[in-house]
Amino acid sequence: MSAISLKSLAHSYSRVPKNESDYAIHTMNHEWESGGAYALLGPSGCGKSTLLNLISGLLSPSAGNILFDGADVTYTPTAQRNIAQVFQFPVVYDSMTVYDNLAFPLRNRQVGREQLDQRVREIAALLELEPILMQRARALSADQQQKVSMGRGLVRSDVSAILFDEPLTVIDPQLKWRLRRKLKQIHQQFDTTMIYVTHDQVEALTFADKVAVMYEGRIVQFASPQELFEKPSHRFVGYFIGSPGMNFFHANRRGDGLAIEDAPIKLGDALARTLASYPISDISIGIRPEYVEVLNPDTSASDAITCQLNGVEDLGSYKILSLVLGAQMFKSRYEASRAVPDGCVKVRFPTDHIRCYAQGVLVDA
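As a starting point, this report considers the structure included with it. What you see is a predicted model; the values in this text were computed from it and never measured.

About the thresholds
- Residues numbered from 1 in each chain as written.
- Predicted model: local features only at pLDDT ≥ 70, side-chain atom pairs only at ≥ 80, totals over all residues.
- Heavy atoms only, no water.
- Patch = residues over 30% accessible without salt bridge, like charges linked within 9 Å, V, L, I, M, F, W, Y side chains within 5 Å.
- Areas by Shrake-Rupley, 256 points an atom, 1.4 Å probe, with all protein chains shown as cover.
- Salt bridge = Lys/Arg side-chain N within 4 Å of Asp/Glu carboxyl O.
- Helix = DSSP H or I, 4+ residues; strand = E, 2+ residues; numbered from the N terminus.
- Contact = heavy atoms within 4.5 Å.
- Pairing = 2+ DSSP bridges.
- Axes fitted to C-alpha atoms, helices over the stretch in contact; angles between N-to-C directions.
- Phe/Tyr/Trp six-rings, centres within 6.5 Å; stacked < 30°, edge-to-face > 60°.
- Buried < 20%, exposed > 50% of the residue type's maximum accessible area, 1.4 Å probe, protein only.
- Lys NZ or Arg CZ within 6 Å of the ring centre and 35° of its normal.

This brings us to a nonpolar patch on the surface. Judged by side-chain polarity, Leu58, Phe87 and Val91 come together as a nonpolar surface patch covering roughly 240 Å² of accessible area. Residue position: phenylalanine 87 is located in the loop between strand E6 (83–86) and helix H2 (98–108).

In structure tokens:
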């Protein structure tokens, strides 16, 4: 397996880019270690598929270099990069059996019959394709065809990396969880470098050890799923990760600290000292709905904040409260078994879970 390095990589679909807006991928330096399970996560149009196609060689970059284990492959043809790629829509040979589809990459490399058969059956077993090995691909359902397509990417044991471009889009939602678990199992078993592109945060966070979140052609954070949730380094990450995403508030100065509207917000001492040097116009406060504590109506806690209930979404196992503080709306995740307060609601923002951002970037104490 290969480590993949991006050195000052940038790409524009314009032959003569004139300004930053002409770039689909802005200049970036990035490293994926050998044998890791990674995800590229972001909304449509953020550049994640473009970046994957640069790594695979389907596109040539406008600037910079791509290295596999230190060897420059920037202009090496796709066929010579020794990678496997699984696309959004299944790529199978309709007239071939499932067995022959899986065997095709190995036959092209003149793998011996016995070794080929062993490997094909091993991958078929992992993907639960054994009962249909002798069926022709044209007779398969969409999810079965995608499993065959994935199997063709996985069957080679000599690849530098396997690249997945939204491979579960056509899969029935009930089967997605099982296939994600299969991919995770395969990664753990074979220690293959995998990069998985998706716009679905659940797919990314359950598959990858580390996730690269992309926004407007840039990787704005590369971290573990837990760190993305607990400490988003960019406002977009806070907004994009979570359901619902992080609450953000316009802040104003209140003595040595900050306030939202007229409500003072208690900050940790180190963060308060750090923020003292920032212009207040740059600062926003973020907190996850999961960490907004709804207090008893008769509480006398000094850090209680009084707001108004604006609506309730009942999602079965929990509720989402829509709340209003002054002119700013926010949400709280609420236990399904608790009675919903009426009218005025008192909440607390725990100090340990408050995040502050200057011009969209996390301010770390």
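There is more to say after this.
By the secondary structure assignment, threonine 306 is in strand E17 (residues 305–314). C-alpha of threonine 306 to C-alpha of glutamate 130: the two residues are 176 residues apart in sequence and 61 Å apart in space. Non-local contacts of threonine 306, meaning those with residues more than four positions away in its chain, are made with Leu325, Cys344, Val345 and Lys346.

What follows concerns the sheet that holds strand E13 (residues 257–260). The strands making up a sheet associate through backbone hydrogen bonding, with each pair oriented either parallel or antiparallel. One open sheet holds the 3 strands; their spatial order is E12-E13-E14, and the pairing between them is antiparallel. Looking at which strands have only one partner, the edges of the open sheet turn out to be strand E12 (252–254) and strand E14 (263–265). Each adjacent strand pair in this sheet contributes to an overall mean axis angle of 50°, direction not counted.

Counting across every chain of the model gives 13 aromatic pairs. Between tryptophan 32 and tyrosine 38 the ring centres are 6.4 Å apart and the planes differ by 55°, which places this aromatic pair in the tilted class. Comparing tryptophan 32 with tyrosine 38, the two get one shared label, buried. Taking the centre distance of 5.8 Å and the plane angle of 40° together, the rings of tyrosine 38 and phenylalanine 222 count as tilted. Of the two residues, tyrosine 38 sits in strand E3 (residues 37–41) while phenylalanine 222 sits in strand E10 (residues 218–223), which places them 184 residues apart along the sequence. By relative accessible area, which is 6% here, tyrosine 38 ends up buried. Between the NZ or CZ atom of arginine 235 and the centre of the ring of phenylalanine 248, over which it lies, the distance is 4.3 Å. Note that arginine 333 overlies the ring of tyrosine 318, its terminal NZ or CZ placed 3.5 Å from the centroid.

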